[in-house]
Every structure is written in structure tokens, then in C-alpha cells.
Amino acid sequence: MELEYLKEVWKEAANQKEIIVLGREEVSEIPAIRSQSLVSGMRRNLFYELVIVLSCVVAIAVFYFISFGGMLKEVSWAYILLAVAFIIYYYKKNKLLKAMGCPACMVKSNLRLQLVTLEKYVRLYLLAGTALAPVVMLFFYILFYYKHIVLFPAMHAKGGGIGFTLLYLLFTSIFTIVFYFLNRWYVNRLYGRHIQKLKSLLQEMEE
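Reading the values: rules and limits
- Throughout, residues of each chain are indexed from 1 in the direction in which the sequence is written.
- Only residues with pLDDT of 70 or above have their local features reported here, since the model is predicted, and side-chain atom pairs are shown and tallied only from 80 upward, although totals for entire chains, interfaces and linings are computed over all residues.
- By convention in this description, side-chain values take in all heavy atoms of the structure and omit both hydrogens and water.
- Runs of E in the DSSP output that reach at least two residues are strands. Runs of H or I that reach at least four are helices, and both are numbered from the N terminus.
- Each residue is placed in one exposure class: buried if its accessible area under a 1.4 Å probe, protein chains only, is under 20% of its type's maximum, exposed if it is over 50%, and partly exposed if it falls in between.
- Residue contacts follow a heavy-atom distance rule, with two residues in contact if any of their heavy atoms lie within 4.5 Å.
- For the accessible areas, the method is Shrake-Rupley and the probe is 1.4 Å, while residue cover comes only from the protein chains on display.
- Without a salt bridge and with relative accessible area above 30%, a residue can belong to a patch; like charges are then joined within 9 Å and nonpolar side chains (Val, Leu, Ile, Met, Phe, Trp, Tyr) within 5 Å.
- By convention in these notes, a salt bridge is any Lys or Arg side-chain nitrogen within 4 Å of a carboxyl oxygen on Asp or Glu.
- Throughout, nonpolar core names a set of buried Ala, Val, Leu, Ile, Met, Phe, Trp, Tyr and Cys residues whose side chains join them through atoms within 4.5 Å.
- Where each domain starts and ends follows an automatic or database-derived domain assignment.
- For every residue, the pLDDT score states the predictor's confidence, bounded by 0 at the bottom and 100 at the top.

### A word on the overall build of the protein chain
Per the secondary structure count, the protein chain includes 5 helices and 0 strands. Secondary structure elements in the protein chain, listed N-terminal to C-terminal, are α-α-α-α-α. For the protein chain, buried positions account for 30% of its 207 residues. Taking the contacts inside the protein chain whose residues are at least 6 apart along the sequence as the reference set, 75% of them involve residues at least 24 apart. Split by element, the accessible area of the protein chain, about 14200 Å² in all, is 69% carbon and sulfur.

### Some words on a nonpolar patch on the surface
A contiguous nonpolar patch, built from Leu-167, Leu-170, Ile-174, Val-178 and Leu-182 and spanning about 490 Å² of accessible area, is present on the exposed surface. With respect to the element layout, Leu-167 can be found in helix H5 (residues 161–206).

### Some words on the nonpolar core
One finds Met-42, Leu-97, Met-100, Leu-118, Tyr-191 and Leu-198 to be the most contacted residues of the largest nonpolar core, which totals 22 residues. Going through the elements one at a time, helix H1 (2–66), helix H2 (73–100), helix H3 (107–146) and H5 are the ones with two or more residues in this core. Both domains that furnish three or more residues to this core are identified here as domain 1 (35–99) and domain 2 (103–207). In contact with Tyr-191, not counting residues within four places along its chain, are Met-42, Asn-45, Leu-46, Glu-49, Lys-93 and Val-122.

### Re the confidence of the model for the protein chain
Across the protein chain, the average pLDDT comes to 77, with 71% of residues at or above 70. At the level of individual helices and strands, the protein chain shows its lowest average pLDDT in helix H4 (residues 153–156), which scores 56, and its highest in H2, which scores 90. For the stretch residues 12–30, pLDDT sits under 50, and the model shows 0 contacts to residues farther than four places along the chain or on other chains.

### Quick look at the environment of Phe-175
Along the chain, Phe-175 turns up in helix H5. In the structure, Phe-175 is positioned 41 residues away from Pro-134 in sequence and 8.1 Å away in space, judged by C-alpha atoms. Excluding residues within four positions of it along the chain, Phe-175 makes contact with Ala-133 and Met-137.

Rendered as C-alpha cells:
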């Protein structure tokens, strides 16, 4: 009788141990599932961004192709080149995110290897996007000046040309600074906060 009782107690203890082990395994999988969700969110944001950028580029290119009597076709081609550069960036970044979100891969080692590369992509995107502001302003200034398109009479005036140029550079500097902070908020909203969460999850998986 006592032997049967001991067998039952031993069986129950073994079942409880299996449940505890299973629970630990399921808990360990939670960071991996959350990391895949964060990566999926960044891929979705990247796709939406691609659609918006291409839509804007098409609209701007068509506008400058048909406006000003076709004198500013260079602007259309410049935006088309920017779109091509963004498509290349999208392809590389999407490929990286796809690799990071691979459910069949070892998520912890994958994140450790790829997270640094992702941060470099995002940093490059922030710097290139900010640098684009003064480049575009300078491009329009040179183009309008040499095409003799008079939007601001002071730009072509003999006495006021230098003053207008200095004022234009001042405005470009202020615009670049403001654009940097807006761009930083935008990049952090779409990617930066997700990267920080991925870093936290990576630390959880390593503990």
C-alpha cells in the first residue's frame, strides 16, 4: 500500500517537473516572438515609406516636366535619381530585415550579427536625409540663376545679388537645422524605437 502511494507521489512530481520545463521553454521563446514582431513592423514602415516616396517623386517629376515651359526638366531627373537611390536603399534594408525576421534562424545570434548593420543603415538614412535639405536648396538656387527664372527679382539684381545670396544661405542653414530635428524624430518613430526594443530583447535573451 505504501509502495503504491510512493509511486503515485513520484509520478505527480515527474509531471510537475515536465510542466515547469515546458513553461520555461515557452517563456524563453517570448523574446524571439517579440523580436520578429518588431522586425515585421519595421518592414511594414519601410514598405509604406517606399510607396509614399515613389508617389511624391512621380508627382514632382511630372510637374517639372510640364511646368516652366520644360525649362526645369533637370529637377525631374534629379528626383528620379533620388528615387533610384532610395529603391536601392530599400532593397538592401528590406533584405536585412527579412533575414532578421527569419523564424527558422537562431534569433539571438541573428540579431547580434545584424543589429549593428541595421543601425548603420538608419544612421546613414538620417545623415543623408538631412544633407539632402541644403543640397536641394543649393541645386534650386544654381538652376534658377543660370536658367534666368526670376522668382525673386533681388536674386538677379546687380546690387542686391550678394545680399540675397547671404540671406538665402542663412535661410538654408536654419531650414537644415529644423529639418534635422524633424528627420530625427521621423527616423526614430519608424525605426529607432524598434531598434532600442530589439536591443532590450537581445539583452533579455542573453541573461
